[in-house]
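Descriptive analysis of the structure
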Amino acid sequence: MSHILDYRPEDIITFPKGLPGFEQAREFVIYSRAEHAPFHCMANVHDQDLQFILINPLQFQESYDPRIPPHELRELDVKDPRELLLYTLVTFAPELSDSTANLLGPIFINIRTRIGKQIVIDDERYSVRERILR
Amino acid sequence: MLVLSRKAGESIHIGEGIVITVLETDARGARIGITAPQSVPVYRSEVYERIQDENRKASASTGERNLGDIAGFFRQARPAQE
């Protein structure tokens, strides 16, 4: 990533409550570049050193089907399922093939309202460290 | 902290619409039933703490590595499904 973030104000995605562990980090921009596929980079607009790498969990676990409490969707003001983007946060391991994604804390983004939320899911089928490669 | 003693089958009401019931207890722990309105998030404390912890690890996990190089490794290891 370049050290100067390049974005327009309308690109900003707001997480009203931040993310667990980063409650003060509310405004992010997501960069999706062909050379970074299947990953996306989510950078904080006020602290460019704070970046998360995202992956759509359906890319490595097609059966992923988190039970989202209905009030969480209401908070995101979802009017049409197509306006909702799903990502998970990636933790790269020293040995890249051991890298994992957090399936208990999926990130939902409403692209119409540009509001994002990391939803805590207490679901014994999934873990915070799910391997990306089998 | 308010401390109450309960036996299996006994409950505690909290505010409106929240009921905590002790279903059974044994040497391994207690099974708890929770009735709450849909607007009240319910999860085990350690799940939230694990997500906090994993978020901190995730944020620094690229390290000095270049995301383009990392992505190349994954594309080679697993054909893209996009």
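Attention here is on the structure that accompanies the text. Small disclaimer: the values here were computed from a predicted structure and weren't measured. (Residues numbered from 1 in each chain as written. Chains lettered and ligands numbered in written order. Predicted model: local features only at pLDDT ≥ 70, side-chain atom pairs only at ≥ 80, totals over all residues.)

Considering the overall build of chain B
Secondary structure assignment for chain B yields two helices and three strands. N-terminal to C-terminal, the α/β element order of chain B is β-β-β-α-α. Since a compact globule built from 82 residues should have a radius of gyration of about 12 Å, the 22 Å found for chain B marks it as more spread out than a globular shape. Along the first, second and third principal axes, the C-alpha set of chain B runs to 55 × 25 × 25 Å. The proportion of buried residues among the 82 residues of chain B is 11%. (Helix = DSSP H or I, 4+ residues; strand = E, 2+ residues; numbered from the N terminus. Rg over C-alpha atoms; globule rule 2.2 N^0.38 Å. Buried ≥ 20, exposed ≤ 12 C-beta atoms within 10 Å, placed from the backbone.)

Observations regarding the interface of chain B and chain A
Contact with chain B, which involves 30 residues of that partner, is made by 32 residues of chain A. Contributions of two or more residues to the side of chain B that touches chain A are made by helix H1 (45–59) and helix H2 (67–77) of chain B. Sorting elements by how many residues they give to the side of chain B that touches chain A places H1(B) first, with eleven residues. Here the residues of the side of chain B that touches chain A sort into 13 nonpolar, nine polar and eight charged. (Contact = placed C-beta atoms within 7 Å. Nonpolar A, V, L, I, M, F, W, Y, C, P; charged D, E, K, R; others polar.)

What about the nonpolar core?
Core analysis: the largest hydrophobic core is formed by 33 residues, its most contacted members being A:Leu54, A:Ile55, A:Leu89, A:Val90 and A:Leu104. Of all the secondary-structure elements, those providing two or more residues to this core are strand E2 (27–31), strand E3 (39–44), strand E4 (51–55), strand E5 (84–91) and strand E7 (107–110) of chain A together with H1 and H2 of chain B. It is E4(A) that provides the largest number of residues to this core, a total of four residues. Apart from residues lying up to four places away in sequence, A:Val90 is in contact with A:Phe39, A:Ile53, A:Leu54, A:Ile55, A:Ser99, A:Ala101 and B:Ala58. (Core = buried A, V, L, I, M, F, W, Y, C linked by C-beta atoms within 7 Å.)

Brief notes about the environment of B:Leu4
Mapped onto the elements of the fold, B:Leu4 is located in the segment before strand E1 (11–14). Overall, the presence of 7 C-beta atoms within 10 Å leaves B:Leu4 in the exposed class.

Some points on the sheet that holds strand E3 (residues 29–35) of chain B
All names here are of chain B. With respect to topology, three strands assemble into an open sheet ordered E1-E2-E3, the strand pairing being antiparallel. Lying at the two open borders of the sheet, with one neighbouring strand each, are E1 and E3. Recorded for the sheet is a direction-independent mean angle of 25° between the axes of neighbouring strands. (Pairing = 2+ DSSP bridges. Axes fitted to C-alpha atoms, helices over the stretch in contact; angles between N-to-C directions.)

Topic: the pairing of strand E2 (residues 18–26) of chain B
Residue and element names in this part refer to chain B. Pairing geometry for E1 and E2, over four bridges, is antiparallel. Bridging from a neighbouring strand, His13 pairs with Val19 of E2. Connecting E1 to the next strand, E2, in antiparallel fashion are three residues, including Gly15 with a positive phi near 55°. With seven bridges joining them, E2 and E3 adopt antiparallel strand pairing. Of the residues in E3, the one forming a bridge with Glu24 is Arg31. What sits between E2 and E3 in their antiparallel hairpin is a turn of two residues.

Some thoughts on the pairing of E7(A)
Residue and element names in this part refer to chain A. Residues Ile107 and Ile109 of E7 are buried on one face, and the alternating residues Phe108 and Asn110, pointing to the opposite face, are buried as well. Relative to E7, E5 is paired through four bridges, and the arrangement is antiparallel. Counterpart to Tyr87 in the pairing with E7 is Ile107. Examined bridge by bridge, E7 and strand E8 (residues 115–118) share four bridges and lie antiparallel to one another. Looking at the pairing, Ile107 lines up with Gln118 of E8. The turn joining E7 and E8, which pair antiparallel and follow one another in sequence, is formed by four residues; a positive phi near 60° is taken by Arg114.

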